[in-house]
Structures are given as structure tokens and as C-alpha cells.
Amino acid sequence: RLLAAGGGDVDAALGEIRRTLGVTGDETRGDAFAAHVAACDSGELDRAIAALSAGSKRDTECAERLVAARTAADAEIRISSWLLAFMTKDGKPRANLVTKPTSAKSPGVAEFLAAEQARCETLGERLSAIETAARSCALFRLGAGLMARYDALKRARALLDYDDLILRAVDLLKGAAPWVLYKLDGGIDHVLVDEAQDTAPEQWEAVGALIEEFFAGEGARTRVPPRGVFVVGDEKQSIFSFQGADLDVFGRTRASLQALAGPAWKEVGLEISFRSGPVVLDIVDATFARDAARDGVVGGGRRLSHRAKRARAGGRVELWLPEIAEKLPEPEAWDAPVDYVSSAHPSERLAARIARTVKDWIGAEDLPACGRKVRAGDVLVLVRRRNRFFDAMVRAFKTAGVPVAGADRMVLADQIAVMDLLSLARFCLLPADDLSLAEVLKSPLYGFDDDDLFALAWNRPGQLWPALRAGAAGNAKRQAAADELSDILARADFVPPYELFAHLLDARDGRRRMLARLGPDAADPLDEFLAACLSAEHAGVSSLQGFLRHFEGGAGEIKRDMEQGRDEVRVMTVHGAKGLEADIVILPDTCELPKARGGTVWTEPAAGPGVPLWPPPGKSKHPASVAARAADRAHELAEQRRLLYVAATRARDRLYVCGWCKDQPADGSWYAHLSGAIATHPKAVEIDTPDGKVWRIDEPATALDAPDAGATSATPAGALPDWAKATAAPDEPVPPRPLAPSRPENEPAVASPLGAGEGFAFLRGKLIHRLLQSLPDMAVASRAQAAHRLLSRPAYGLTPAQVDELANETLAVLSHPEFAAAFDGPGLAEAAVVARLGGRALSGRIDRLVVRDDAVYVIDYKTNRPPPADVAGVAPVYLAQLAAYRAALVPLFAGRSIRCALLWTHAPRLMPIPAALLDAHAPN
């Protein structure tokens, strides 16, 4: 953004960063400190140092720091010594700079030190600005260099990434090619933007360019029917800022559209929820009615007010006490330092409690609104991020025997079971890879411990694999490993990866050994790894080396479709669950606030893109950095509250709120927001359970999920519409897809580039087609030179005689007396034609289309070899193709003859097709 605003000038961007921080280009921290010390009264400073040196220990420490600040060789040591004399390590002013006895003996020293301490605040701000400027400029230079290198690589390979596609489209629509907007303007009546709150600013620019003409000129007011822009979005659900979504841009775009539309503007609020029941919506409304939760979710002094479509569905909301970390007892004096007193982490305890509870629900707990018992597929566990709890939750469900879908996203290479299989693959490719073999031996497949591996590897004469085979005799563990690995090595060069690993895991019982050591949660990665092997094989990767490269190149990350209707509990992040729903939603990751983001922050000036700042770790003191960091944190917490809104509204009938923490939930956490609304609800009941107290709000269901009683139907109850009584369904349109005349089903064989002696013939046809496409648009006098220039390119490898032959034959075609008019004037190459012929749709391309005042010429190029000698030998499909083109053009050029011909590029020879013959093959 900053580079674009400065026309790509890196130095100008760096200057803008420094100006924001008030720093000159060559200023250093040492310079700022030297200037600060120079402004200090050196006589008073000497007097203070002498007084402190004669005082208490604390006074002498201060004196030593002041002396070091004047005499140390390194500038940073001088700076830190000076600051520590007046400030604490965390940057706060020291309470007592000098002891009372020393102050009494040396009047004025305390006042001098206090004044210098006040000046240190300004010094700290200045030093922070200089360091931030240096870091920010260095990072910007690095980023600009990487971007330039990345752009150069893309240009060299003629590639575009996703952002390029958006930016190029914006450039195209915003004036780079005005004719594009002109062409689009006549074909677009309405624009619909869905999920508008998650639309990035660059995407809004493209939309704005498309709809700008909707509101311009007299036609915008008189057009019937009027054109429209439909924007569907909910700012409460804007949770994808990491993908570029900007809620501020969404608001500005809405205001801009409203100003453009004027009286035609309509804002339709969607307050009816078709998903959640009334109890869940009551809690959502009550939560975000509180000032602490509404910022970033509900603006403009408004209040959330949902209405449930399923008003009689009832439901339940329940708040559990958080799991608190246990305080370990003080160890006895005689306990050795390595003694470890185990204690379950509170997140592990919560995961086990949720798994037990869900297991008790399945098949036993009623879902009144659905008229049935709870199933595993009714439960959705939502977390803010994939962390320790995420894995613990999946593992707890598997341990409890509850069907669980596993992780919605998984990086297979991070799974320990998959790591072991990858080490095995590397060993198979290179048996001399001792490290990979050691990893395989220590894996659950062979169960070597440190002592086993040390005994095998220490003091061995050569590599590990020969040592294993040589030392196998008399050692059952080594013998079993050596025999199995020998079998796998023998297979690795001859079977595809899927077959190799499936044999190991199933036929050789490797899966059971893996699960026995790693637990049931290892089953999922193993299954997905085998699926990745099979997918790579289907993609043509059949070797083990090719599979490793394919896997490490990005195929090792999977994303599951969690919308499938399998009867399994789903554990997902809220981001991944947007758009999904469940009858029962559990929110366990609620007690903590996310850690403040580090890295760069952007300033927010009144105009322009702002500048990126990279403050040093710790608390920055410069106002620009402080303001930028505070604004970034405010945006982050506002998005977390919107994330809470999305999470809570995934629930249809039941919402359970729980969590874990060290001592108590953080202020501003999800738990703090929700607990305030639940515990104070008039229908909340406090219940004692074996796991602790819960607050429950129950609303009985008065009807099953069904259309409202007041809903009307166009068909009387019990009656069927006429189409349902028909004896047979109507025939499908023929063909179901557009007819492409140039790709008929029974097209005769064309010259093959792989046939014996056909290489030049194939190249010949290709080059003649290229010449016939390009030369007609050139002046007659320059065609010969252009033809020779193209044919003489080294890439084609033609001899001078072949160049002359092809050029002469092509030019002879262009000057054919009957069709000379088709090639002498302007025409269209590869002209697209779309039409409806009877009950069929036609979509094709005419190789050469020329429109004259008296006739329209249609020429189609064919590469068949050998070409027919006369019209009688032309394949019927070619005649039908030309007849279809002619039929499509007749309505467009009434009163003009449509003259068609085939150009056999292998000869080359032009063959006019008589109109009578085309009439016989005209489409019905």
C-alpha cells in the first residue's frame, strides 16, 4: 500500500516512515543519548555522582551506573546504564533515587536527579522512535526486496497469484481499458455481493468499477427495469481480517452506495433467525447488550434484537464453572529435584468431562424440538484456535468411544505417526541414511528404546543398517526389525507407495503397533496418510521418491468437509464452522484473551495508506507506535467478540459454555461476556452436579420443527400438483450442453504428430494455420516478408527450402481468385459464434469470418491427411459444421449470401462448398 502510494519509490516510503516517527535519516540512538547528556549540567552531575558514591549501597549502585553511562565504550551500555539509574527494568520511574541521609548531606542532589528522571521520559521516547525507525526501515527494505524478487520470478514464468488476479482485474476495470467497462455495461443489469462483510478492499474496488455506470447519466434514471446492486452482509460476522476483510471499508462502501443510490436506497434488516431457538437468541441478545461486549459487534447505539423463526422449539443454555489449574503441594525436603508430582492439566480435565457428558447424552438425552434422542452428529465443539485442547478433545472422544470426525484441518507432516512413516520412506530410498533408520527403529513399529539403540549404534564399524543385520543373530527384537525392513526394502522399488505402506500397516500389523503406543488418535493421521498416497498415485506419482517430493510440496495438509452428514461429533474452529450449524454447540475455549499480536502495526492517518511500524519488543514509548499498537489491539478484540457472536449462533437448540484457566477467567473473555448474561437471566437455575455447579436455562419445546401453523400453501393439503401426476417426466433438452460444431463426435482422424514420418506434416499444418490467421490482417506487400520471418524461427527447425515452400503455398491460398476478397480486406480470426438452432444451442469458433457488403465468407481450416480430392469426399460432419455456422449467420446478415469453404492446410488447398450441399446438411 505504501509503495503504491509513493509510485514504487522505496526511499520515499522509508522517508515517510521516518517522518511519522520524527527521526532523521542518519540519526542513531547514540547520537540522541549524546545530545541528551550534553544538555545535562555536567557540574551538577559530577556533584551528584560524588554524593552518591559516599552514600549507602543503593546510592553507590546509582553512582556506578552514572559513571558507566559516561565512560563505557559501547553506546548501548552507556544508554542502558543511564536509564537504569533513573528507571526500573520495565521502564517505570524509580521511587527513591537517593537515600535520605545522602540527600541531607548534599542539598540539591535529590532535585537534580528528579529533574533528570523527568527528562528520561523524553529520552526513552526518542530512543524508542529511533529504534522503531531503524527496525521498520530495515523490515521494509527486506519486504520490498522480496516483493521485487517475487514479481521478477512471476514475470519470468508468466505466472499470476490470487492477489495478482484481483489487482489486475481492478486495473482493467478502473481505466486501463475503458472499452471493457463499455462492453460490460450493456450486459450487466444486477450485481450481487454475498458475504460482503468479508470482502477485501481490493475486491470492493472491482465491484465499484463495475457498478459505477449504474448511477451515471440520464439512463440511470430512465432505464426500465432499473438496474440494481444487492449487497448481503452482516458486520457482526466479519471474522476474516487475516484474509483482508476490513469492517471499516465495509462501512464506507455502504455509505458510498447509499449516497449514489439516493432515494432508491433500501436497507433491509434481517432479524429473523432460521437456525437458533429463542433461548439461544435471548442469551446472544443479552450478551451483546452489555457495553463491554457490544463494541465492534453492534454500532451506532443500536441493540441486537433477534426473532426466532422456530419460536416454539424451546432449547437450553448451560454455563459450567471453569476448570481451574490445581495448585501443587510444596515438595518435602527429602524429595529429589527430579521427583515429579503429576497433575492433569485443566484443559485435559475439561476435555474428559465433555467426552463423558456427550457419551451420556447419546441415545439417552431427548432433543424435544427434533422429537428424538441425541445422536453424535448433533454435537459441535467449537474452539478459537487449534491448540493443545483441540487435540485433547479429539483424543478424549476417541478414548470414551464417542464417534468423532477428527480435526477439520490437519498437517500430516506434523503427526508423529506420519513422521515415522516418512522416515521409513527416506530409509528405503537411501539405506545409508543412519538418522532415518534410527528414527524408524525408535518408532512404535519396532520399539527400540535408548539403550537398545545405543547398544546397536555405539562403536559400530560402519553404517547402521549393516550393523543391524550383523547384530540380529540371538536378539529377537533386532531380528524382527531386520527381517521386516529387508522385506520392505525389497518391495519399495517395485510397488507404489500406497501398496507399500498399506502392506506395512495392515498385512504386517503396523497399525496395531502404532495405536498401541500412540493411542487411538493416531488412527486418523494414518488413514489420511494412506489416502494421500492413493491420491498421489491417481495423479500419476507412482515412485516413492516422487511421492516424498509431492507430499513435502504441500500435499501433506488436508481439509475435511465437515458439512457431511456423518453421525460423528465435530470438533472445529469457529472460522471453519462459519456457515455450519448443529443442534448442540459446546464452547470450551472461552476463558482466555488472545495474546496481543506482535510484528508490524499500521498507523491510521486521516488520509493515505498509513505506514508500517515494527516497534521493539516490550512497551514502545513513541506516541505513534503506542497509538498504532493500541488500535491494532482494539481491532483484534473487536473481532474476537464478533467471533463469539458467530460461535454462539451456530447452535440450533442447545448452547453449553465452559472453559479452563489458571485461576479465573480473564476480563473481556468469552466466558466473562456470556456468564454475565446467563447467570442473571430470569429463568436461570443453579444446579449441583457431580462435576460442580452449573447455571441452566431451559425452555420446553411446544412443537417439533415444522412450518408455522399460519403458513399457507399454493396447493390444498393432501392434493398434488399436476406435474406430480404425470406418467412420465418430460424429455431432457438435447443436447444437455451446447453443441460445438468444431468438435463433432465422429470426426475423421487427423494427422498425428507421433506417426511415422508425420512430424513435419503436423508442424506444416500448424504453421499454415498460424499464417492464415495472421497474414490476412497485414498489407499484401508485407505478407511475404512476415511469413518468411515467422517460418525462419530456429524453434521450428525448417530448412530454407521448407520455409520457401510453406510461404509460397500459403500466399497462393491468400490470393485464390474466388476467395481473394476474403483475405484482402479486414476480417476476424477465431470468430466466436453462439446461436440457438431449433431446440439446440450452438457454440463454436469460425477460423476466418469476413463480412462484405454483398457476401459473408466462412472459411474453416482442416488438417486431415490426405485431404479429399473433391467435395464428394468431404466427411458429412464437416458439412454439418459449416451448415450450422451458415444457419447461425443467416439471421444476422439478411440479404447477403453466406459463402463457405474448407481450407485443407496439409495441401494447402481451398475447397468451396456448394450451397446445395450445405442445404442437405442444414440443422433441423
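Residues numbered from 1 in each chain as written. Predicted model: local features only at pLDDT ≥ 70, side-chain atom pairs only at ≥ 80, totals over all residues. Heavy atoms only, no water.

(A) Geometry of the sheet that holds strand E23 (residues 855-862). If you walk across this open sheet you meet the five strands as E21-E22-E23-E24-E25, and the pairing is mixed. Of all strands in the sheet, those bounded by a partner on one side alone are strand E21 (828-837) and strand E25 (909-913). Along the sheet, successive strands turn relative to each other by an average axial angle of 40 degrees, direction set aside. One ladder, built from five bridges, connects strand E24 (residues 897-904) with E25; its direction is antiparallel. Looking across to E25, one finds that Leu902 is bridged to Met911. Sheet strands in contact with helix H35 (residues 876-889) are E21, strand E22 (840-851), E23, E24 and E25, and its direction is about 150 degrees off that of E23. (Pairing = 2+ DSSP bridges. Helix = DSSP H or I, 4+ residues; strand = E, 2+ residues; numbered from the N terminus. Axes fitted to C-alpha atoms, helices over the stretch in contact; angles between N-to-C directions. Contact = heavy atoms within 4.5 Å.)

(B) Region of interest: the pairing of strand E17 (residues 651-657). Extensive coverage of E17 is indicated by the burial of seven of its seven residues. Here strand E5 (residues 315-320) pairs with E17 via four bridges, running parallel. Bridge assignment links Leu319 to a residue of E17, and that residue is Val657. Here strand E14 (residues 582-587) runs beside E17; their pairing, made up of five bridges, is parallel. Bridge pairing in E17 places Ile584 opposite Arg654. (Buried < 20%, exposed > 50% of the residue type's maximum accessible area, 1.4 Å probe, protein only.)

(C) Molecular detail of helix H20 (residues 450-457). The N-cap residue of H20 is Asp449: its side-chain oxygen and the backbone nitrogen of Asp451 are 3.1 Å apart. Just past H20, the residue Asn459 takes up positive phi, approximately 60 degrees. (Polar contact = N/O pair within 3.5 Å; in protein donor to acceptor, adjacent residues only side chain to side chain.)

(D) Spotlight on the pairing of E24. For E24, a buried count of six out of eight residues is recorded, marking the element as mostly surrounded by other parts of the structure. One ladder, built from eight bridges, connects E23 with E24; its direction is parallel. Following the sheet pairing, Asp860 is matched in E24 by Leu902.

(E) Up close: the packing of aromatic side chains. Within the structure shown, the criterion is met by 13 aromatic pairs. The interplanar angle of 20 degrees and the centroid separation of 4.9 Å between the aromatic rings of Phe389 and Trp660 together place this pair among those described as stacked. Taken as a pair, Phe389 in helix H17 (residues 388-400) and Trp660 in strand E18 (residues 660-661) lie far apart in primary sequence, 271 residues in all. What makes Phe389 buried here is its relative accessible area of 1%. The exposure class assigned to Trp660 is buried, which follows from its relative accessible area of 8%. With 5.4 Å between their ring centres and 75 degrees between their planes, Phe427 and Trp465 make a pair best called edge-to-face. Separated by 38 residues along the polypeptide, Phe427 in helix H18 (residues 416-429) and Trp465 in helix H21 (residues 464-470) bring together distant segments of the chain. Owing to a relative accessible area of 0%, Phe427 belongs among the buried residues under this scheme. One aromatic cluster in this structure is built from Phe501, Phe529, Phe547 and Phe551. The ring centre of Trp320 lies 4.0 Å from the NZ or CZ of Arg353, which sits over that ring. It is Lys477 that lies over the ring of Phe448; its NZ or CZ is 6.0 Å from the centre. (Phe/Tyr/Trp six-rings, centres within 6.5 Å; stacked < 30°, edge-to-face > 60°. Lys NZ or Arg CZ within 6 Å of the ring centre and 35° of its normal.)

(F) Spatial organisation of the confidence of the model for the protein. Taken over all residues, the pLDDT of the protein has a mean of 83, while the share at 70 or more is 87%. Ignoring residues within four places in sequence, the model shows residues 706-715, a span with pLDDT below 50, making six contacts including any to other chains. Predicted confidence is poor over residues 744-757, with pLDDT under 50, and the contacts of this stretch with residues over four places away or in other chains come to 21 contacts. (pLDDT = per-residue confidence, 0-100.)

(G) Focus on a nonpolar patch on the surface. Nonpolar side chains collect at one region of the surface, where Leu139, Leu142 and Leu146 lie side by side and expose about 270 Å² of accessible area between them. Turning to its location among the elements, Leu142 is positioned in helix H8 (residues 109-157). (Patch = residues over 30% accessible without salt bridge, like charges linked within 9 Å, V, L, I, M, F, W, Y side chains within 5 Å. Areas by Shrake-Rupley, 256 points an atom, 1.4 Å probe, with all protein chains shown as cover. Salt bridge = Lys/Arg side-chain N within 4 Å of Asp/Glu carboxyl O.)

(H) Just the nonpolar core, in detail. Counting residues in hydrophobic clusters, the biggest one holds 49 residues, and the most contacted among them are Leu421, Leu424, Leu441, Tyr446, Leu485, Phe501 and Phe529. Elements with a minimum of two residues in this core: H18, helix H19 (434-442), H20, H21, helix H22 (476-492), helix H23 (497-507), helix H25 (523-538) and helix H26 (544-555). With eight residues, the single largest contributor to this core is H18. Once residues lying within four places of it in the same chain are set aside, the contact partners of Leu441 are Tyr446, Gly447, Phe448, Leu453, Leu456, Leu468, Ala481 and Leu485. Within the second largest apolar cluster, 41 residues are counted, among which are Cys62, Trp82, Val109 and Ala129. (Core = buried A, V, L, I, M, F, W, Y, C linked by side-chain atoms within 4.5 Å.)

(I) Quick peek at the pattern of salt bridges. Applying the stated criterion across every chain yields a total of 54 salt bridges. A salt bridge links Arg141 to Asp11, with the nearest nitrogen and oxygen atoms 3.7 Å apart. In this pair, Arg141 is assigned in helix H8 and Asp11 in helix H2 (residues 10-21), connecting sequence segments 130 residues apart. Several salt bridges converge on common partners, so that one network encompasses Arg275, Arg372, Asp378, Glu581, Asp583 and Arg652.

(J) Structural detail: the packing of helix H5 (residues 57-71) against helix H6 (residues 75-86). Two elements in contact, H5 and H6, have axes whose closest approach is 7 Å; the angle formed by their N-to-C orientations is 150 degrees. Overall, the two elements H5 and H6 adopt an arrangement that is roughly antiparallel. In this structure, the crossing between H5 and H6 has a hand that is left-handed. Across the interface between the two elements, Cys62, Arg65, Leu66, Ala68, Ala69 and Arg70 from H5 touch Arg78, Ser81, Trp82, Leu84, Ala85 and Phe86 from H6. Along the lines of polarity and charge, the residues of the contact of H5 with H6 split into eight nonpolar, one polar and three charged. (Parallel < 35°, antiparallel > 145°, perpendicular 65-115°, else oblique. Left-handed = near helix turned anticlockwise from the far one by under 90°. Nonpolar A, V, L, I, M, F, W, Y, C, P; charged D, E, K, R; others polar.)

(K) Region of the structure containing the side chain of Arg310. Topologically, Arg310 is positioned in the loop between strand E4 (307-308) and E5. Of the polar contacts made by the side chain of Arg310, one reaches the backbone oxygen of Arg652; its length is 3.2 Å.

(L) Examining the environment of Trp695 more closely. Note on placement: Trp695 falls in strand E20 (residues 692-699). Apart from residues lying up to four places away in sequence, Trp695 is in contact with Val317, Glu318, Leu319, Leu321, Ile678, Ala679, Val685 and Glu686.

(M) Seen up close, the environment of Asp161. If you trace the backbone, Asp161 turns up in the loop between H8 and helix H9 (162-176). Here Asp161 is in contact with Tyr150 and Lys154, once residues within four sequence places are set aside. One polar contact links Asp161 to Lys154, side chain to side chain, over a distance of 3.3 Å.

(N) Representation of the environment of Leu429. When you line up the elements, Leu429 lands in helix H18. Judged by its relative accessible area of 33%, Leu429 is partly exposed. The spacing of Leu429 and Gln545 is 116 residues in sequence and 7.1 Å in space, taken between C-alpha atoms. In this view, Leu429 contacts Leu544, Gln545 and Leu548; residues no more than four positions away in its chain are not counted.

(O) Focus on the packing of helix H16 (residues 346-361) against H17. Their axes nearest at 8 Å, the elements H16 and H17 cross at an angle of 40 degrees. In this view, H16 runs oblique relative to H17, as classed from their interaxial angle. Crossing geometry of H16 relative to H17 is assigned as right-handed. From H16, Ser347, Glu348, Leu350, Ala351, Ala352, Ile354, Ala355, Val358 and Lys359 reach across to H17, where they touch Arg388, Phe389, Ala392, Met393, Arg395, Ala396, Phe397 and Ala400. Looking at the contact of H16 with H17 residue by residue, the classes come out as twelve nonpolar, one polar and four charged.

(P) Here's a closer look at unusual backbone geometry. You will see that Asn459, though not glycine, has its phi angle at about 60 degrees, which is positive. Assignment of secondary structure puts Asn459 in the loop between H20 and H21. Non-glycine residue Glu830 carries a positive phi angle of around 55 degrees. Looking at where Glu830 falls in the secondary structure, it is placed in strand E21. Taking the relative accessible area as the measure of exposure, Glu830 reaches 26% and is therefore partly exposed.

(Q) Geometry of the state of the cysteines. The tally for this structure, following the rule as stated, stands at zero disulfides. For Cys658, which is in no disulfide, the shortest distance to another cysteine sulfur is to Cys591 and amounts to 8.3 Å. (Disulfide = S-S within 2.5 Å.)

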